[in-house]
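Inside the fold
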Amino acid sequence: MYLCIIPYTIYYSAIRRNAEVWKFALKCVVKSLKARKMTKAGESTTEEISQAKVEAATFIRDGLLRLGPTFVKLGQVISTRTDVLPVEYTDILKTLQDDVPGFSTQRAKDLISKELGKDCDSVFQNFSVEPLAAASLGQVHTAMYKGKKVAIKVQRAGLKELFDVDLKNLKKLAELLDRFDPKTDGADRDWVSIYEESERLLYLEIDYLNEASNCERFARDFADVDWVRVPDVFREVSTPRVLTMEFIESFKLTNIERVEALGLDRELLAKRTADAFLKQIVETGYFHCVSIY
């Protein structure tokens, strides 16, 4: 399933967006209450109740995909909150993916030119015709910069403005949930606190200079580990909406066929992966993804 990207134009009014969000929210409440009523009535089996929760969670996940970036990211954050949501909901929300069709290369170049204050083609050479990857928040192109291959992350236009509209609605929804959620299942839910934490994380995620700082901090933490590779950040051609980093060829360690084709030591890879994450948990207290050599 592809994520539906909301067109960021003046024709897509805040009023229409508000109506769409609240219509979806009401449907979610109805779906969720169905499973709760089945539990209270005591006339349904455990399997039937669980299935009702799965159906409600699936409806919510698909709706979040249709509503676009803000809600996909919110769902991904909420999927980690096993302390407040039943496992049927968190398991479904964990399947949220934000891979989407990319926008045009010319549009990406225009956005870069606007952010850097100079023509994209005067800064980068061999700018890729097609994006390397695309997601709900932006897309990545490769290019050459000062003789080095780089990956350029470009944020979709109008994203912050969309967040501003959506988060106002979500704050009102969180306040209503805190007021009317009976919490009869024993969960200690504070919906406003959950909203505030989600809001903080969402705005941080669309600040690419924050991401650059995270990358640099992670590099410092692993400076003495020669088998962990952290790409360099090119600050002079990065902004809150454009991030330029060293391009590093890589692949997922779950690609066992490629691991074996390259003759890599699977036991050593497993050990180094575990060591890298243990270092983050035990020593640094700072977590990020890892590329291991």
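Counting of residues starts from 1 at the beginning of each chain's written sequence and follows it residue by residue. Only residues with pLDDT of at least 70 get local features here, since the model is predicted, and only at 80 or more are side-chain atom pairs given and counted; chain-wide, interface and lining totals rely on the full set of residues. Processing note: side-chain calculations cover all non-hydrogen atoms of the structure and skip hydrogens and water entirely.

Here's the deal with the packing of helix 7 (residues 159-180) against helix 8 (residues 191-205)
Where helix 7 contacts helix 8, the axes come no closer than 8 Å and their chain directions differ by 165°. With respect to their mutual orientation, helix 7 and helix 8 come out roughly antiparallel. For the crossing formed where helix 7 meets helix 8, the hand is right-handed. Where helix 7 abuts helix 8, its residues Lys160, Phe163, Asp164, Leu167, Leu170, Lys171, Ala174, Glu175, Leu177 and Asp178 lie against Trp191, Val192, Tyr195, Glu199, Leu202 and Tyr203. When the residues that make up the contact of helix 7 with helix 8 are grouped by side-chain class, the tally is ten nonpolar, no polar and six charged. Axis definition: a line fitted to C-alpha atoms, limited for helices to the stretch in contact. Angles are taken between N-to-C directions and run from 0 to 180 degrees. Under the scheme used here, helices are H or I runs from DSSP no shorter than 4 residues and strands are E runs no shorter than 2 residues, and both carry numbers assigned from the N terminus. The cut-offs work like this: below 35 degrees is roughly parallel, past 145 is roughly antiparallel, 65 to 115 is roughly perpendicular, and the gaps in between are oblique. Crossing chirality is assigned from the near helix's rotation relative to the far helix, an anticlockwise turn below a right angle marking it left-handed and a clockwise turn marking it right-handed. In this description, contact between two residues means that some pair of their heavy atoms is separated by no more than 4.5 Å. For this classification, the nonpolar set comprises Ala, Val, Leu, Ile, Met, Phe, Trp, Tyr, Cys and Pro, the charged set comprises Asp, Glu, Lys and Arg, and every other residue, Gly included, is treated as polar.

Some points on the pattern of salt bridges
Salt bridges, as used here, are contacts in which a Lys or Arg side-chain nitrogen is within 4 Å of a carboxyl oxygen on Asp or Glu. A complete count under the given rule lists 15 salt bridges for this structure. Between Asp121 and Lys109 there is a salt bridge, with its nearest N and O atoms 3.1 Å apart. You can see Asp121 sitting in helix 6 (residues 120-123) and its partner Lys109 sitting in helix 5 (residues 105-116), a full twelve residues away along the chain. Residue burial is assigned from relative accessible area. The probe radius is 1.4 Å, only protein chains are included, and a residue is buried under 20% of its type maximum, exposed over 50%, and partly exposed in between. Residue Lys109 is classed as buried on the basis of its relative accessible area of 18%. Glu161 is paired through a salt bridge with Arg241; the nearest N and O atoms lie 4.0 Å apart. Remark: Arg241 occurs in the loop between helix 9 (208-221) and strand 4 (242-246) and Glu161 occurs in helix 7; sequence separation between them is 80 residues. Overall, Glu161 belongs to the partly exposed group, its relative accessible area being 44%. Here Arg241 falls in the partly exposed class, since its relative accessible area comes to 29%. Each of Arg17, Glu20 and Asp166 takes part in salt bridges that share partners, so that together they form one network.

Let's talk about the side chain of Thr239
Here Thr239 lies in the loop between helix 9 and strand 4. Relative accessible area serves as the criterion here: at 10%, Thr239 is assigned to the buried category. At a separation of 2.7 Å, a polar atom in the side chain of Thr239 contacts the side chain of Glu115. Among residues more than four places away in sequence, those in contact with Thr239 are Glu115, Leu116, Tyr208 and Leu209. Pairs of N or O atoms are called polar contacts if they sit within 3.5 Å, as long as, within protein, a hydrogen donor faces a hydrogen acceptor (for residues adjacent in sequence, only side-chain-to-side-chain pairs).

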